[in-house]
Amino acid sequence: MRLTLFQPEIPQNTGTLIRLGACLNVPIDLIEPCGFVLTDKGLKRAGMDYIDLAVLNRYISWKDFMDNRPLGRLIFLTPESPTPYHLFSFNHNDTLLLGSESTGIPQELYSNMDATVSIPMVPERRSLNVAIAAAMVLGEALKQTNLFPRTL
């Protein structure tokens, strides 16, 4: 299981997701370009000392990611998906893809997806914060695949 961020724009969200990955032993992939410098103060503040504990892979482009990504399904989190995440059957080697905060992913990349999932919300609402959405879906995926870190 892994989280992939496509051209993230907000360093605080990226830092939060890197921290989430470090705490749950989930690798994080960053597909550049990012909307900030990776040494940005906001990224460091959000990720704190967890950035050094995370497995972080950087890809210079979508092509670089697709040419080098680990095997497994590519699951895109999008409000437009008809499939609620809690009704989807996750696999242990799925990659959960998050689009950039303002634009998601380009429509032409949808053909690379093995599946899409959404979070059911009140109809008048547009979307959740990307880090909150990722945490919700990742939690369900880890629960289904029994991949939560052992604490006892």
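Residues numbered from 1 in each chain as written. Predicted model: local features only at pLDDT ≥ 70, side-chain atom pairs only at ≥ 80, totals over all residues. Heavy atoms only, no water.

Participant: Please clarify how the sheet that holds strand 2 (residues 28-31) should be interpreted in this entry.
Facilitator: Strands pair in a sheet through their backbones, by hydrogen bonds, and they do so in one of two ways: parallel or antiparallel. The strand order 3-2-1-5-4-6 describes an open sheet built from 6 strands, whose pairing is parallel. The sheet is open, and its two edges are formed by strand 3 (56-59) and strand 6 (115-117), each paired on a single side. Looking at each pair of strands side by side, their axes are set apart by 25 degrees on average, direction ignored. Bridging between strand 4 (residues 74-77) and strand 6 involves 3 bridges; their strand directions are parallel. (Pairing = 2+ DSSP bridges. Helix = DSSP H or I, 4+ residues; strand = E, 2+ residues; numbered from the N terminus. Axes fitted to C-alpha atoms, helices over the stretch in contact; angles between N-to-C directions.)

Participant: What exactly am I supposed to notice about the UniProt feature "binding site: S-adenosyl-L-methionine" (unreviewed entry) in the chain here?
Facilitator: Within this structure's numbering, the places UniProt gives as "binding site: S-adenosyl-L-methionine" (unreviewed entry) are Leu77, Gly99, Ile119 and Ser127. The named residues occupy 51 residues along the chain; their greatest pairwise C-alpha distance, 14.4 Å, places them in one compact cluster. Lining of the largest cavity among the annotated residues: Gly99. In this structure, Gly99 sits in the loop between strand 5 (95-98) and strand 6. In contact with Gly99, other than residues within four places in its own chain, are Phe6, Phe76, Gly104, Ile105 and Val130. Considering the arrangement of structural elements, one finds Ser127 in the loop between strand 6 and helix 4 (130-145). Relative accessible area serves as the criterion here: at 43%, Ser127 is assigned to the partly exposed category. (UniProt positions renumbered as here; feature names shortened; annotations may be inferred. 1 Å grid on protein atoms, 1.4 Å probe; cavity = no way out; pocket = protein on both sides within 12 Å on 5 of 7 lines; lining within 4 Å. Contact = heavy atoms within 4.5 Å. Buried < 20%, exposed > 50% of the residue type's maximum accessible area, 1.4 Å probe, protein only.)

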